[in-house]
Structures are given as structure tokens and as C-alpha cells.
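Observations on chain architecture
What follows is the residue order along each chain.
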Amino acid sequence: MYKKILVTLDSTPTDRTIIEYVKQLAKIANSSVVLLHVADGWAARYFGPDAVSPEVDEDKAYLENIKAEFLLDNIQAETELAYGEPADEIVKWVQRENCDLIAMSTHGHRFLSDLFLGTTATKVRHNISVPILLLKAK
């Protein structure tokens, strides 16, 4: 069903919702996962992959820690760190790579907040054709 699941992470507590769900799904479907985080601080946006900052180092360490969790559960996992605006980078990754499902946690903003601020999930879903699993964070 889902050979490769892209799991988008934003390095906040909301990630736990999607991580725990995808672990179960990946076991059932015998899926591999790609853990994607988009570094969007000033250094990441300005220097891209050449960025050197404590934030980028923390992002890399965070991804490796989450990857280790999946590996401990015998789920094949790899990490990707992108740089820039999260929605744009997620869409680029999906267009460039193959995945069968995108899994994202949402922060659960209300309509007016989403209308004025926009959301990563909304921007992503309007620009790709891959199925998206959205889970509202607890």
C-alpha cells in the first residue's frame, strides 16, 4: 500500500502525534519512512545547505534522534533536511522524489488564523497529487 511515507516534522511537540501514528502504520504496511524537516531560520534561508548555525545543528540532531526511534522499531528510516520556506520545500521534495503518502501534524488553527496566516498543510495539499494524512496535534 505505502512503500515510502514522507513524514514532515517541525521540531515541536506536535510532531509526536504524527510520529506515533506513522510508526504503527509503517509496521502494518511494511513501509519505509523519510523524515523531512525544513530549516527556516535566517541562516538556513540565506545560506541553504551551506548554513552553519546552532539551529541547523539542532535540526540535524533532532532528525537523527527521531530516525533512531524508527530504527529501534525495525522501521527503515532516512532523514532529509531542507532549507527555506517549509511548504515550498515539501512540495519540491515530493515533486523530486517518490513517496506514496505524506504524513503531517497540524497545529489546529481556526479558520480565520489559517486564512490570514496560511498553513503549511494547506499550501502543500493544493500543490501535490500524493495522498496526505493530516493529524491534529493533541
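That block above? That's the structure.
The paragraphs below set out a description of the structure included in this document. These numbers come from a predicted model, not from an experiment. (Residues numbered from 1 in each chain as written. Predicted model: local features only at pLDDT ≥ 70, side-chain atom pairs only at ≥ 80, totals over all residues. Heavy atoms only, no water.)

**Focus on the overall build of the chain**
Inclusion rule: A run of H or I in DSSP counts as a helix once it spans at least four residues, and a run of E counts as a strand once it spans at least two, with each numbered from the N terminus. Computation of the radius of gyration draws on C-alpha atoms alone. For the globule rule, the value is 2.2 Å times the number of residues to the power 0.38. Contacts were defined at the residue level, with two residues in contact if any of their heavy atoms lie within 4.5 Å.
Looking only at helices and strands, the chain has six helices and five strands in total. Relative to the 2.2 N^0.38 estimate, which gives 14 Å for 138 residues, the radius of gyration of the chain is 14 Å and therefore close to what a compact globule would have. For the C-alpha atoms alone, the extent of the chain along its principal axes is close to 40 × 35 × 30 Å. In the chain, the share of contacts with a sequence separation of at least 24, taken over all contacts with a separation of at least 6, comes to 79%.

**Considerations on the sheet that holds strand S1 (residues 4-9)**
Pairing between the strands of a sheet is mediated by backbone hydrogen bonds and can be parallel or antiparallel. Where we set the bar: By this definition, two strands are paired if DSSP reports at least two bridges between them. As a rule, the C-alpha atoms of each element are fitted with a line to give its axis, helices using only the stretch in contact, and angles between N-to-C directions run from 0 to 180 degrees.
Strand order in the open sheet formed by five strands is S3-S2-S1-S4-S5, with parallel pairing between adjacent strands. The open sheet has two edge strands, strand S3 (77-83) and strand S5 (132-136), and neither has a second partner. The sheet shows a mean angle of 25 degrees between the axes of neighbouring strands, taken without regard to direction. Relative to strand S2 (residues 32-39), S1 runs parallel, the two sharing six bridges. Paired with Thr 8 across the bridge in S2 is Leu 36. Across the sheet, helix H3 (residues 54-72) lies against S1, S2 and S3, angled at about 160 degrees from S3, the strand it touches most. Contacting S1, S2, S3 and strand S4 (101-106), helix H4 (residues 86-96) runs over the sheet at an angle of about 145 degrees to S2.

**Brief notes about the nonpolar core**
One recurring pattern in soluble globular proteins: nonpolar side chains tend to sit buried together. Formally: Note on terminology: a nonpolar core comprises buried Ala, Val, Leu, Ile, Met, Phe, Trp, Tyr and Cys residues joined through side-chain atoms within 4.5 Å. Remark: exposure states derive from per-residue accessible area (1.4 Å probe, protein chains only) relative to the maximum for the residue type, with buried under 20%, exposed over 50%, and partly exposed in between.
Val 7, Ile 18, Val 33 and Phe 70 are the most contacted members of the largest nonpolar core, which has 26 residues in total. For this core, the elements supplying multiple residues, two or more each, are S1, helix H1 (15-29), S2, helix H2 (42-47), H3, S3, S4 and S5. Residues within four places of Val 33 in sequence aside, it is in contact with Ile 5, Val 7, Val 22, Ala 26, Phe 70, Ile 75, Gln 76, Ala 77 and Glu 78. If you look at the next biggest cluster of nonpolar residues, it comprises 17 residues, including Leu 36, Ala 82, Val 94 and Val 130.

**Side note on H4**
Rule in force here: Any N or O atom pair separated by 3.5 Å or less is treated as a polar contact, with the protein-specific requirement of one donor-capable and one acceptor-capable atom, and with residues adjacent in sequence counted only for side-chain atom pairs.
For H4, every residue scored as buried is listed here: Pro 86, Ala 87, Glu 89, Ile 90, Val 91, Trp 93 and Val 94. Residues of H4 that are buried sit in contact with S1, S2, H2, S3, S4 and helix H6 (120-125). For H4, the N-terminal cap is Glu 85; the gap from its side-chain oxygen to the backbone nitrogen of Ala 87 is 3.0 Å.

**Digging into the packing of H1 against H3**
This is how it is decided: Angles are sorted into four bins: roughly parallel if under 35 degrees, roughly antiparallel if over 145, roughly perpendicular if 65 to 115, and oblique for all others. The hand of a helix crossing depends on one turn: near helix anticlockwise from the far one by less than a right angle means left-handed, and clockwise means right-handed. Any residue outside Ala, Val, Leu, Ile, Met, Phe, Trp, Tyr, Cys, Pro, Asp, Glu, Lys and Arg is labelled polar, Gly included; the first ten of those are nonpolar and the last four are charged.
Following both chains from N to C, one finds H1 and H3 inclined at 30 degrees, their axes separated by 11 Å at the closest point. Relative to H3, H1 is oriented roughly parallel. You can see that H1 and H3 cross each other, and the crossing is right-handed. Mapping the contact onto sequence places Asp 15, Arg 16, Ile 19, Glu 20, Val 22 and Lys 23 in H1 and Tyr 62, Ile 66, Glu 69 and Phe 70 in H3. When grouped by side-chain class, the residues that make up the contact of H1 with H3 number five nonpolar, no polar and five charged.

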